[in-house]
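Architecture at a glance
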Amino acid sequence: MSFILYSYPDCASHVVRMALEELGAPYRDEIVDMRAGAQQSPEFLRLNPRGLVPVLADEVSGATISETGAILHFLADWSGRLAPSTADLTARAAFCQRLYFLSNTLHADAQLQYYTARYVGEDLAEAARPAVHARMRAHFTLLDLAIAQRGGPWLLGGDLSMCDFYLGGCARWSLIAPRHAPLEPEAISSLPHLSGLLERLEALPSVVRAFDAEDTPRSAYFRSPVRSLRTAHATD
Ligand SMILES: N[C@@H](CCC(=O)N[C@@H](CS)C(=O)NCC(=O)O)C(=O)O
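Report follows, based on the coordinates. Owing to the predicted nature of the structure, the values given are computational and were not obtained by experimental measurement. Chains are numbered independently. Their residues run from 1 in the order of the written sequence. Local features in this predicted model are restricted to residues whose pLDDT is 70 or higher, and side-chain atom pairs enter the listing and the counts only when it is 80 or higher, whereas totals over whole chains, interfaces and linings include all residues. Side-chain numbers come from the whole structure's heavy atoms, not from hydrogens or water.

A word on the site of the ligand
Inclusion rule: Here a residue is near a molecule or strand as soon as one of its heavy atoms is found within 4 Å of it. A 3.5 Å cut-off defines polar contacts: any pair of N or O atoms within that distance qualifies, except that in protein one atom must be a possible hydrogen donor and the other a possible acceptor, and neighbouring residues in sequence count only when both atoms are side-chain atoms. Surface accessibility in these figures is a Shrake-Rupley result with a 1.4 Å probe; residues are shielded only by whichever protein chains are displayed. Residues were grouped as follows: Ala, Val, Leu, Ile, Met, Phe, Trp, Tyr, Cys and Pro as nonpolar; Asp, Glu, Lys and Arg as charged; and all remaining residues, including Gly, as polar.
Around the ligand, the structure places 15 residues, and the nearest of them are Val 53, Glu 67, Thr 68, Gln 111 and Arg 118. At a separation of 2.8 Å, a nitrogen atom of the ligand approaches a polar backbone atom of Val 53. The fraction of the free accessible surface of the ligand (520 Å²) that becomes covered by protein chains is 88%. Of the residues that constitute the shell around the ligand, the class distribution is eight nonpolar, five polar and two charged.

Structural data, given as structure tokens:
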């Protein structure tokens, strides 16, 4: 068993990469050159008709899966790790609830923040931003509370899970949002439980490896050095 991660640096495939690294799963990259529009090539559209990265493929069976949340769920099932066992229904229910919230609400709204004009058109994008930002702030506040209620240090409590990688990715995109209005750093730095989680995540060897693999400025990850990351993306 060996996976292919169809990826592009510092986009949603980064979340899957962090999980693969944490699992120690065998995988190799196939870079989809989004700047050249390769996500719309006939070859890639055969893998994901929506033309979106990431896609994970199993080299042996040829099985493919897209959608970040689904890939994380799939990898949890494949490995039996980074998610509570189905034998513990209470914990598993919390895992499913969080993972799907991250996928269908936080990530979806991060997309709205990132690609506002695609949703409402160029003319209305500026006007829509405050409402989108307010939604993101509200989600992060809710997540901060959830971490506190579970006693931390991770979203589900004591154990690192797939959810933490997804949350990390969404927090990052929301703060950097190159070319578009990023959230102010305080939207997250003022939330102690969420900030603490992100700092712990950033320090994991698997996350360090994931950043190194994408040659992303690791020193500018989630929180305080956001400005340098914005600079790094300034030419995007
Ligand atoms: N719902 C998808 C969203 C993935 C997504 O939007 N990927 C972006 C990169 S981060 C992409 O491929 N964009 C290509 C494009 O918009 O043409 C998921 O969860 O994986």
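A short note on a nonpolar patch on the surface
Selection criterion: Two distance rules govern patches: like charges are joined within 9 Å, and nonpolar side chains (Val, Leu, Ile, Met, Phe, Trp, Tyr) within 5 Å, applied only to residues with over 30% relative accessible area and no salt bridge. A pairing counts as a salt bridge when a side-chain nitrogen of Lys or Arg comes within 4 Å of a carboxyl oxygen of Asp or Glu. Helix and strand assignments follow DSSP, with helices taken as H or I runs no shorter than four residues and strands as E runs no shorter than two, numbered in order from the N terminus.
On the surface, a nonpolar cluster with roughly 290 Å² of combined accessible area is contributed by Tyr 119, Val 120 and Leu 124. Residue position: Leu 124 is located in helix α6 (residues 122-150).

A word on the side chain of Thr 68
Put simply, the rule is: Partly exposed residues are those whose accessible area sits between 20% and 50% of the maximum for their type, while under 20% is buried and over 50% is exposed, using a 1.4 Å probe and protein chains only. Only heavy atoms enter the contact rule, under which two residues are in contact if any of them lie within 4.5 Å.
Structurally, the position occupied by Thr 68 is in helix α3 (residues 68-79). Overall, the relative accessible area of 4% leaves Thr 68 in the buried class. With residues near it in sequence (within four places) discarded, Thr 68 still touches Ala 12, Val 15, Val 16, Pro 54, His 107 and Tyr 166.

Observations regarding the packing of aromatic side chains
Just so we agree on the cut-off: In summary, the pairing rule links any two rings of Phe, Tyr or Trp, Trp by its six-membered ring, whose centres are within 6.5 Å, and it sorts them by plane angle into stacked for under 30 degrees, edge-to-face for over 60 and tilted for everything else. A ring has a charge above it when a Lys NZ or an Arg CZ is no more than 6 Å from the ring centre and no more than 35 degrees off the ring normal.
For the structure shown, the criterion picks out four aromatic pairs. For the ring pair Phe 3 and Phe 74, a centre distance of 6.3 Å and an interplane angle of 75 degrees mean the geometry is edge-to-face. Taken as a pair, Phe 3 in strand β1 (residues 3-7) and Phe 74 in helix α3 lie far apart in primary sequence, 71 residues in all. Residue Phe 3 is classed as buried on the basis of its relative accessible area, which comes to 1%. Among the residues examined, Phe 74 registers a relative accessible area of 30% and is labelled partly exposed. Through a chain of ring-to-ring contacts, three or more aromatic side chains come together here, namely Phe 3, Phe 74 and Trp 78. Of note, Arg 118 hangs over the ring of Tyr 115, and the distance from its end group to the ring centre comes to 3.9 Å. Sitting above the plane of the Trp 154 ring, Arg 200 keeps its charged end 5.8 Å from the centroid.

As for the sheet that holds strand β2 (residues 27-31)
Just so we agree on the cut-off: Here the rule is simple: two strands pair whenever DSSP picks up at least two bridges between them. Angles shown run from 0 to 180 degrees and are taken between the N-to-C directions of axes, each axis being a line fitted to C-alpha atoms and, for helices, limited to the stretch in contact.
Spatially, the four strands line up as an open sheet ordered β2-β1-β3-β4, and their pairing is mixed. The open sheet has two edge strands, β2 and β4 (64-66), and neither has a second partner. This sheet shows a mean twist of 20 degrees between the axes of neighbouring strands, independent of strand direction. Direction of pairing for β1 relative to strand β3 (residues 55-58): antiparallel, over a ladder of four bridges. Bridge pairing links Leu 5 to Leu 56 in β3. Sitting on the sheet, helix α1 (residues 13-23) is in contact with β1, β2 and β3, with an inclination near 150 degrees to β1. Of the strands in this sheet, β1, β3 and β4 are in contact with α3, which crosses β4 at around 135 degrees.

What to know about the pattern of salt bridges
Taken as a whole and judged by the stated rule, the model has 11 salt bridges. With its nearest N and O atoms 3.0 Å apart, the salt bridge here joins Arg 28 to Glu 30. The partner of Arg 135 in a salt bridge is Asp 109, with the nearest N and O atoms 2.6 Å apart. Residue Arg 135 is located in helix α6, and its partner Asp 109 is located in helix α4 (residues 89-114); the two are separated by 26 residues in the primary sequence. Arg 135 sits in the partly exposed class, given a relative accessible area of 42%. Through salt bridges that share partners, Arg 17, Asp 29 and Glu 214 make up one connected network.

Let's talk about the nonpolar core
Rule in force here: Here, nonpolar core refers to any group of buried Ala, Val, Leu, Ile, Met, Phe, Trp, Tyr and Cys residues whose side-chain atoms link them within 4.5 Å. Where a domain begins and ends is set by an automatic assignment or by a domain database.
Formed by 57 residues in total, the largest nonpolar core has its most connected members in Phe 140 and Phe 165. Residue assignment places this core across two domains, with domain 1 (3-79) and domain 2 (89-232) each supplying three or more. For Phe 165, the contacting residues outside a window of four places in its chain are Val 15, Met 18, Ala 19, Glu 22, Leu 82, Leu 160, Leu 201, Leu 204, Ser 206 and Val 207. Ranked by size, the runner-up nonpolar core spans nine residues in total, among them Ile 4, Phe 44, Val 53 and Val 55.

Brief notes about helix α9 (residues 192-203)
Just so we agree on the cut-off: The span one expects for a helix is its residue count, reduced by one, times 1.5 Å.
Between the first and last C-alpha of α9 there are 17 Å, a value that for 12 residues agrees with the 16 Å anticipated at 1.5 Å per step. Looking only at α9, the buried set comprises Leu 194, Ser 195, Gly 196, Leu 197, Leu 198 and Leu 201. Buried-residue contacts for α9 involve α6, α7 (162-176), α8 (186-189) and α10 (205-214).

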